[in-house]
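# Overview (structure and organization)
Here are the chains, one letter per residue:
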Amino acid sequence: MEMMIGGAFQGKSALAEKRYPQVNWINGADADWEMLSCAKGVLGFHEYIRKEMKAGRSVDQLAEDLIRVNPDVILVSDEVGYGVVPIDAFDRAYREAVGRICTKLADYSHRVTRVVCGIGTVIKDA
Amino acid sequence: MMILVTGGSGSGKSAFAEDQVVAFGEAERIYIATMFPFDEESRKRVQRHQNMRKGKGFETIECYTGLERVRVPEGSTVLLECMSNLVANEMFQEDGAHERTVQEIQKGVKSLREQAGNLVIVTNEIFSEAVSYEGETGTYQEYLGKINQELALLADEVVEVVYGIPIYHKKKKGGASGEESVE
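A brief structural summary.

## Quick word on the overall build of chain B
Of the regular secondary structure elements, chain B holds five helices and eight strands. On C-alpha atoms alone, chain B measures out to a radius of gyration of 16 Å, which is about the 16 Å that the 2.2 N^0.38 rule sets for 183 residues. Considered along the principal axes of its C-alpha atoms, chain B spans approximately 45 × 40 × 30 Å. A burial count over chain B gives 48% of its 183 residues as buried. Measuring between centres, the 20 positive side-chain charges of chain B sit 5 Å from its 30 negative side-chain charges.

Now the structure itself:
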């Protein structure tokens, strides 16, 4: 598994597509579990989490499930935990869920790249 | 030489950027101020930055919109602060570039880079929040994000300042390990 993370509008997807031009990327916002479980690469993975939570589905086991069924997937996700604690309860739960899930996935990933201003820096290479 | 300095609010970006300018030596020092002093809070902020610059020999040029029109002495060392204000001005002020903000600022920066000997630009990280903004604020993030990526391509060095500690994402000599650019 591999992850590319960073703030919004930093060029993460462009970098991912450049690094892996052969991958058929899917978008987290439009994906269901079937698609996610067999995808080679996912852009906007955080959007998948938001969509599932909005639909009232649990994401508690998402990291574990993904590691089990699709251990080689490449995930591109926003980092969303650097701002002020949101006023809205859903936003707070979502923010926390993205953090917890991505932390577990990053722990499993062999490589994690963080993108700032379009520049990717490998922060984990195990 | 062009350096892009980024980081969160109150992280020490300005102090770091000013140190870089001073380290460039005795060339004429120009400060391009972009914060429009529209209320008491912004006037205080401007004052704080003026005090920080005192004694460092800066000549200040105010530029709220239309960066391309700015003329600086050839070979001077220029500090532009802050890109996040300039983008907001171009988007929301009446005489701003509005939907052409990204292109106009790109042109302005290229023009500055041609005139100046050394150019240091301070920008801002505002992209890692849980709340996803719609409308103007979302567009503002998008524009600033795009501009930051463009500036990073143009820059020789890209530095994120975290509580005063510089983290180099792009470095002229040696190069940061694991660095890979979009372009």
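Continuing now.
## Things to note about a nonpolar patch on the surface
Together, Val162, Tyr163, Ile165 and Ile167 of chain B make up an exposed nonpolar region whose accessible area comes to about 430 Å². Topologically, Ile167 of chain B is positioned in strand 7 (residues 165-170).

## Some points on the side chain of Ser76 of chain B
Residue and element names in this part refer to chain B. The topology assignment puts Ser76 in the loop between strand 3 (58-62) and strand 4 (77-81). A relative accessible area of 1% means that Ser76 is categorised as buried. A distance of 2.6 Å separates the side chain of Ser76 from the backbone oxygen of Pro73, its partner in a polar contact. Those residues in contact with Ser76, other than ones at most four positions away along the chain, are Glu28, Ile30, Ala116, Gly117 and Asn118.

## Overview of the sheet that holds strand 2 (residues 29-33) of chain B
Residue and element names in this part refer to chain B. Within the open sheet, the seven strands sit side by side as 3-2-4-5-1-6-7. Their pairing is mixed. The two strands at the open ends of the sheet, each matched to only one other strand, are strand 3 and strand 7. Neighbouring strand axes in the sheet, compared pairwise and without regard to direction, differ in orientation by 20 degrees on average. Pairing of strand 2 with strand 4, which is carried by five bridges, proceeds in the parallel orientation. If you follow Ile32 over to strand 4, its bridge partner there is Leu80. Across the face of the sheet, helix 1 (residues 13-23) comes into contact with strand 1 (2-7), strand 2, strand 3, strand 4, strand 5 (118-122), strand 6 (157-162) and strand 7 while running at roughly 165 degrees to strand 1. On the sheet, helix 4 (residues 101-115) packs against strand 1, strand 2, strand 4 and strand 5 and is oriented at approximately 145 degrees with respect to strand 5.

## Some thoughts on the state of the cysteines
Counting across every chain of the model gives zero disulfides over all chains. Free cysteine Cys102 of chain A: the closest other cysteine sulfur is in Cys38 of chain A, separated by 20 Å. Note on Cys102 of chain A: relative accessible area 11%, which makes it buried. Of all cysteine sulfurs, the one in Cys82 of chain B lies closest to Cys63 of chain B, which takes part in no disulfide; the gap is 13 Å. Judged by relative accessible area, which is 3%, Cys63 of chain B ranks as buried.

## Structural notes on the pairing of strand 4 of chain B
All names here are of chain B. Judged by how many residues are buried, strand 4 sits mostly within the fold: five of five residues are covered. Burial of the side chains of strand 4 extends over both faces: Thr77, Leu79 and Glu81 are buried on one face and Val78 and Leu80 on the other. By the bridge criterion, five bridges tie strand 4 to strand 5 in an arrangement that is parallel. Note that in strand 5 the partner of Val78 across the bridge is Leu119.

## Quick look at the packing of aromatic side chains
One pass over the full model with this rule turns up three aromatic pairs over all chains. Ring geometry for Phe90 of chain A versus Tyr94 of chain A: centroids 6.4 Å apart, planes at 5 degrees, classification stacked. Remark: Tyr94 of chain A and Phe90 of chain A occur in helix 5 (residues 89-108); sequence separation between them is four residues, near one turn of the helix. Measuring from ring centre to ring centre gives 6.0 Å for Tyr31 of chain B and Phe58 of chain B, while their planes differ by 80 degrees; the resulting arrangement is edge-to-face. Highlighted residues: Tyr31 of chain B in strand 2 and Phe58 of chain B in strand 3, separated in sequence by 27 residues. Here Tyr31 of chain B matches Phe58 of chain B in class, with each residue buried. Seen from the ring of Phe90 of chain A, Lys54 of chain A lies directly overhead, with NZ or CZ sitting 4.2 Å from the centre. Over the face of the ring belonging to Tyr31 of chain B we find Arg53 of chain B, whose NZ or CZ atom lies 3.3 Å from the ring centre.

Quick notes on the rules
Residues numbered from 1 in each chain as written. Chains lettered and ligands numbered in written order. Predicted model: local features only at pLDDT ≥ 70, side-chain atom pairs only at ≥ 80, totals over all residues. Heavy atoms only, no water. Helix = DSSP H or I, 4+ residues; strand = E, 2+ residues; numbered from the N terminus. Rg over C-alpha atoms; globule rule 2.2 N^0.38 Å. Buried < 20%, exposed > 50% of the residue type's maximum accessible area, 1.4 Å probe, protein only. Lys, Arg positive; Asp, Glu negative; His and termini not counted. Charge placed at Lys NZ, Arg CZ, Asp CG, Glu CD. Patch = residues over 30% accessible without salt bridge, like charges linked within 9 Å, V, L, I, M, F, W, Y side chains within 5 Å. Areas by Shrake-Rupley, 256 points an atom, 1.4 Å probe, with all protein chains shown as cover. Salt bridge = Lys/Arg side-chain N within 4 Å of Asp/Glu carboxyl O. Polar contact = N/O pair within 3.5 Å; in protein donor to acceptor, adjacent residues only side chain to side chain. Contact = heavy atoms within 4.5 Å. Pairing = 2+ DSSP bridges. Axes fitted to C-alpha atoms, helices over the stretch in contact; angles between N-to-C directions. Disulfide = S-S within 2.5 Å. Phe/Tyr/Trp six-rings, centres within 6.5 Å; stacked < 30°, edge-to-face > 60°. Lys NZ or Arg CZ within 6 Å of the ring centre and 35° of its normal.

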